[in-house]
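Tertiary structure, described
Each chain, written out:
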Amino acid sequence: MSRKLIPSSSGALDLLVVVLVVVAVSFVVYSASGMFIGVLVAALFGLATWALMVSSKPYRLRSIFVFGLTVAMWTAFLAFIAQLGPTYLIKWLSTHQRVPLTPNPVSETGFVSILCPYLLPTAIGKSIHVTMPVYITFLTTFPPNIGLFSLIFLAYAGTAFILGKGWCGWLCPFGGLGEVVRQRHRPLKAYKKSVNWIMKSSWGKGFDVEGREPGQMLRDVKYAFLVVTVLLALFYSVQWFCVFCWAGILGWFRSSLNIGIFVGILAVLFLGLPLLSTKKWCHSICPVGAGLSLMDRATPFRITIDDEKCNECYACLNVCPTFGFARRANGGVSVTDTCDKCLVCVYKCPTKAIDLRLYNIKTDAKKFLFPAAVVLGAFWFYWFIVVAYNLVALGALF
Amino acid sequence: MGLDTLAAALLLGLSSGVQCTVTCLPLLLTQLTAAKRTVRDNLRISLLFSLGRLMVYFAMAYLLYISFRAFSGTLGNPLSESLTSVLMGTILIYYCVKAIRKKAATNCGVRTQGKLAHLPFTNFAFRANPGRNSTSLLLGIVSSMSVCLPLVALISLSANADLATAFSSVSLFWIGSSVYSVGLALTLAGVSRIRIGASLSRRVGFIGSLSGVMLGAIMLLAGLSALTIL
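Residues numbered from 1 in each chain as written. Chains lettered and ligands numbered in written order. Predicted model: local features only at pLDDT ≥ 70, side-chain atom pairs only at ≥ 80, totals over all residues.

1. Quick look at unusual backbone geometry
All names here are of chain A. Phi at Tyr 314 takes a positive value of approximately 60 degrees, unusual for a residue other than glycine. Structurally, Tyr 314 can be placed in the loop between strand E3 (301–305) and helix H16 (315–319). Judged by local crowding, Tyr 314 falls into the partly exposed class, with 15 C-beta atoms found within 10 Å. One non-glycine residue, Leu 343, adopts positive backbone phi at about 75 degrees. When you line up the elements, Leu 343 lands in the loop between strand E5 (333–335) and helix H17 (344–348). (Helix = DSSP H or I, 4+ residues; strand = E, 2+ residues; numbered from the N terminus. Buried ≥ 20, exposed ≤ 12 C-beta atoms within 10 Å, placed from the backbone.)

Put into structure tokens, the structure is as follows:
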């Protein structure tokens with residue numbers, strides 16, 4: 001049933017080379033914040049790569065990996081918010097959106113969202129420093145010029161190209177919250193009852209939310225979210241991410257009524273759905289996921305199905321937590337646009353009919369995916385891991 | 001005349017154009033497939049169809065402008081803007097929910113029986129001869145008279161601007177929303193067989209309609225919020 005990657009497909013030397021590359025890259029990135037954290041994080045990411053490569057169930061390690069990144073991010077973020085305090089938090093919420101639109105943002109706002117991707121070059125450039133009382137000055141080293149915007153865009157585009165929808169499965173800190181429950185396929189009874197009630201009505205047509213093969217309409221909801229967020233970003237001339245980033249949205253709403261409505265919607269969609277069942281937010285709502293689903297057509301890593309080996313047992317339909325498979329009319333299954341390359345199906349398919357390939361080349365692409373995902377995780381989560389480390393090691397953020 | 005208003009009008013046209021084209025697809029296809037399907041013929045048909053829409057848009061923009069001036073008295077009235085937002089949101093939600101539930105008037109409100117095409121909401125009919133210039137123009141006119149996304153856009157463009165801005169905005173909206181139908185006509189002229197998947201068309205229609213519901217909800221919320229402040 002299970003397949004080990006390295007022993008069957010490659011040698012120990014390959015494994016060593018891959019792990020050393022991951023260790024070297026991680027060390028180069030993280031040593032910017034100190035030798036010790038550089039060594040520590042490089043060792044951790046090297047260990048993660050090694051474990052993924054030799055494990056017979058790497059999909060479980062993937063879950064731990066992305067959850068670890070998630071913990072680092074939320075630890076850093078919440079600690080940061082705690083240090084900001086309510087006064088600065090409100091000011092930040094209401095002003096940080098203007099940062100990319102002003103020529104000299106620091107003089108106007110003094111704040112920027114620590115989640116904003118614009119900070120990455122600054123973070124890599126070792127220029128994070130904060131003066132008390134909680135006044136962030138690193139934007140002074142980050143003028144929003146076209147060169148840095150292009151750099152960020154290229155980094156995003158490159159990651160999206162390499163991983164495609166795999167970003168959601170390997171790196172997303174929001175989807176990572178659902179990792180603890182993503183293997184849970186049985187929703188709560190109350191949830192199931194309410195879903196059944198909806199399904200019996202005319203509204204339920206096309207919205208098979210509880211079956212293992214949700215209707216196409218349900219899968220298309222995320223594209224509607226994508227359209228709406230893109231339109232809103234265009235209309236209001238803000239960055240796209242700020243439209244649905246929770247901090248960005250709170251900044252949009254001024255009255256307490258709207259904030260209340262928004263928080264309620266967010267609680268249902270963001271917290272409720274992943275907890276009640278599998279990652280519905282990810283496959284049906286997330287606009288980033290929708291964009292990545294479109295990008296996924298170009299990504300080199302592809303889940304492929306060997307029709308000759310497939311015995312139509314449909315085990316993949318049951319094990320996939322993201323509804324990544326759909327029955328074909330003429331038998332067998334096809335991969336849908338919600339597959340986040342968690343690889344559960346690859347290892348649980350009884351006939352080994354499912355595999356991950358580089359395009360359609362008959363090679364075991366997992367030995368490329370695992371280190372790529374780990375290196376990209378090290379790259380994108382730099383800021384959060386450093387802040388989380390500071391919090392744990394030094395007892396304070398800055 | 002603010003550039004941001006004009007840019008917004010063009011964006012509105014570009015964004016609602018997909019929904020428009022999908023909804024009007026049956027009408028357009030009848031016309032486009034009946035012709036000889038040369039680039040020139042299809043371009044003529046799609047432009048005449050679009051021209052019919054523009055004529056109605058101008059007329060509606062003028063009527064809406066007069067109505068809102070009579071209602072609010074001045075330009076930029078906060079009450080008018082809030083009510084416009086509420087109205088737009090309500091119409092958008094109503095129309096798009098009906099579209100999702102497949103109860104919307106199909107073919108842009110134009111009911112066709114044999115060679116007869118009925119005007120929206122009426123029993124008046126005219127003879128629709130595919131490929132004829134007058135038919136293309138007439139279909140463009142009558143298909144624009146339904147309650148749909150362009151109407152919502154027209155309300156937003158005409159209610160809170162002076163007449164010159166309103167007409168300019170409507171023109172830009174028209175250009176934005178016509179891009180897709182003209183593109184479709186040119187594409188069809190370039191291929192020997194029509195291969196528009198019904199499934200893809202349905203999906204695009206659903207995504208467009210659901211987006212409309214969400215945008216309508218945002219407009220409604222924004223309008224109500226502004227009203228509570230007033």
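2. Considerations on the environment of Leu 184 of chain B
Residue and element names in this part refer to chain B. Relative to the helices and strands, Leu 184 resides in helix H7 (residues 163–190). Look at Leu 184 and you get buried, because 20 C-beta atoms sit within 10 Å. Residues Leu 184 and Leu 12, 172 residues apart in the sequence, show an inter-C-alpha distance of 19 Å. Beyond its immediate sequence surroundings of up to four residues, Leu 184 is in contact with Thr 21 and Leu 28. (Contact = placed C-beta atoms within 7 Å.)

3. Some words on the confidence of the model for chain A
Residue and element names in this part refer to chain A. For chain A, mean pLDDT is 71; residues scoring 70 or higher make up 58% of the total. Of all the helices and strands in chain A, strand E2 (residues 135–136) carries the lowest mean pLDDT, 28, while helix H3 (residues 35–54) carries the highest, 92. pLDDT under 50 marks residues 1–8. Its contacts with residues more than four places away, or in other chains, come to 16 contacts. Confidence drops under a pLDDT of 50 for residues 97–115, and excluding neighbours within four residues, the segment shows 40 contacts in the predicted structure. (pLDDT = per-residue confidence, 0-100.)

4. Brief notes about the nonpolar core
Generally speaking, soluble globular proteins have nonpolar side chains that are buried together. Leu 171, Ala 224, Ala 373, Phe 381, Phe 384 and Ile 385 of chain A are the most contacted members of the largest nonpolar core, which has 110 residues in total. At nine residues, the largest contribution of residues to this core is made by helix H10 (residues 216–236) of chain A. For Phe 381 of chain A, the contacting residues outside a window of four places in its chain are Leu 69, Ala 72 and Met 73 of chain A. Counting 15 residues, the second largest nonpolar core, distinct from the first, contains Leu 32, Leu 139, Val 142 and Tyr 180 of chain B. (Core = buried A, V, L, I, M, F, W, Y, C linked by C-beta atoms within 7 Å.)

5. A look at the interface of chain A and chain B
Contacts between the two partners involve 14 residues from chain A, matched on the other side by 13 residues from chain B. Where the side of chain A that touches chain B is concerned, the elements lending two or more residues are H10 and helix H13 (256–276) of chain A. It is H10 of chain A that provides the largest number of residues to the side of chain A that touches chain B, a total of eleven residues.

6. Focus on H3 of chain A
If you check H3 of chain A, its first and last C-alpha atoms are 28 Å apart, about what 20 residues at 1.5 Å a residue would give, namely 28 Å. Among the residues making up H3 of chain A, those that are buried are Val 41, Ala 42, Phe 45, Gly 46, Ala 48, Thr 49, Trp 50, Leu 52 and Met 53 of chain A. (Expected span 1.5 Å × (residues − 1).)

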